[in-house]
Amino acid sequence: MTPPPTLTLESVPGVLGRIVAERAADYLHADPEVGPPRPKARRFESALAQPGLVLIAEVKRASPSQGAIAPLDPAQAAQAYQAGGAAAISCLTEPRHFGGSPQALRDVVAGVTLPVLRKDFVIHPAMLREAADWGASAALLMVSVLHGATGEYLQLAHHLGLDALVEVHDERELDTALEAGARIIGVNNRDLTTLHTDLQVSPRLIRRAREQGFTGLLVAESGYRTPADIASIRELADAVLVGTSLAGSPDLGRAARELMTG
Ligand SMILES: O=P(O)(O)OC[C@@H](O)[C@@H](O)c1c[nH]c2ccccc12
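Residues numbered from 1 in each chain as written. Predicted model: local features only at pLDDT ≥ 70, side-chain atom pairs only at ≥ 80, totals over all residues. Heavy atoms only, no water.

A. Up close: the overall build of the chain. The helix and strand inventory of the chain stands at 12 helices and 12 strands. Computed over its C-alpha atoms, the radius of gyration of the chain comes to 17 Å, within 12% of the 18 Å expected for a compact globule of 262 residues. Counting only C-alpha atoms, the chain reaches 50 × 40 × 35 Å along its principal axes. Within the span of the chain, comprising 262 residues, buried residues form 56% of the whole. Partitioning the contacts of the chain with sequence separation of at least 6, the portion at a separation of at least 24 is 68%. In the structure as shown, the chain presents an accessible area of about 10,900 Å², 50% of it carried by carbon and sulfur atoms. (Helix = DSSP H or I, 4+ residues; strand = E, 2+ residues; numbered from the N terminus. Rg over C-alpha atoms; globule rule 2.2 N^0.38 Å. Buried < 20%, exposed > 50% of the residue type's maximum accessible area, 1.4 Å probe, protein only. Contact = heavy atoms within 4.5 Å. Areas by Shrake-Rupley, 256 points an atom, 1.4 Å probe, with all protein chains shown as cover.)

B. Just the nonpolar core, in detail. By size, the foremost hydrophobic cluster in this structure holds 98 residues, and its most contacted members are Leu48, Ile89 and Leu128. If sequence neighbours within four positions are ignored, Leu128 has contacts with Val122, Ala139, Leu141, Tyr153, Leu156, Ala157, Leu160 and Leu162. (Core = buried A, V, L, I, M, F, W, Y, C linked by side-chain atoms within 4.5 Å.)

C. Seen up close, the side chain of Ser222. Mapped onto the elements of the fold, Ser222 is located in the loop between β11 (217-221) and α10 (227-231). Excluding its chain neighbours within four sequence positions, the residues that come into contact with Ser222 are Asn188, Asn189, Arg190, Thr197, Leu199 and Leu241.

D. Looking closely at the packing of helix α3 (residues 74-83) against helix α4 (residues 102-111). Two elements in contact, α3 and α4, have axes whose closest approach is 8 Å; the angle formed by their N-to-C orientations is 40°. Between α3 and α4, the angle falls in the class oblique. For the pair α3 and α4, the crossing hand works out as right-handed. Counting all contacts with α3, which are made through Pro74, Ala75, Ala78 and Gln79, the residues of α4 involved are Ala104, Asp107, Val108 and Gly111. Residues belonging to the contact of α3 with α4 are distributed by class as follows: five nonpolar, two polar and one charged. (Axes fitted to C-alpha atoms, helices over the stretch in contact; angles between N-to-C directions. Parallel < 35°, antiparallel > 145°, perpendicular 65-115°, else oblique. Left-handed = near helix turned anticlockwise from the far one by under 90°. Nonpolar A, V, L, I, M, F, W, Y, C, P; charged D, E, K, R; others polar.)

Any link to function would need more than the numbers given here.
Laid out in structure tokens, this is it:
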């Protein structure tokens, strides 16, 4: 597969811009070759397609908005989430701001039977090859970072047998995700350039995606803390992605179950 063109990352603003610049430096000399096609398992997609609103629980030790959240053991945290009824696990691999690591992802994959999402700021094909090599079922692709290259990265993910969670935060990004042919779209309530969170963003963009005829899966992301928050998207989204409010609680499995069942 021909590697996608070099991204123009200067256009990414704020906190997000800083993180993305660091990741671009990390992968500056990485090999863009992704190798032959790998079989599609579609495990992440199938997990999200189960009836009702399902939970993607995130292993998140820190974040730019919260600082340190909890010194979680990634595999133990993921096992607790699985016992608490989560349908999939999201695991951060970004090391400087989110306390993630490649080892965390490998440990989570080894520790649970659920499909695992690599949560990182994908700016280079090597990051998708790594995700597949480490056993992830899916990778996050952010339209705010990839812009016009979103479609090529989506094809690259599919080539590697990965599902892609294509993340958007406004109408323009949603249009890009739809044009790119995304099968799973995540709406982030948090603006990663300012870190401001608004729970109205997911309902608004999820409705719009459906109005435009999108038949794929929709994920509401970020800022969900209470069963009442979850109620606001229960009839709209296929899945909800929750990190901070679960990761910071004393009993992760119980927190997962109580959040989803009220
Ligand atoms: O911790 P929260 O508010 O529950 O959010 C989880 C998840 O949505 C968030 O971690 C996230 C969504 N998109 C991202 C992109 C990069 C890093 C992190 C994220």
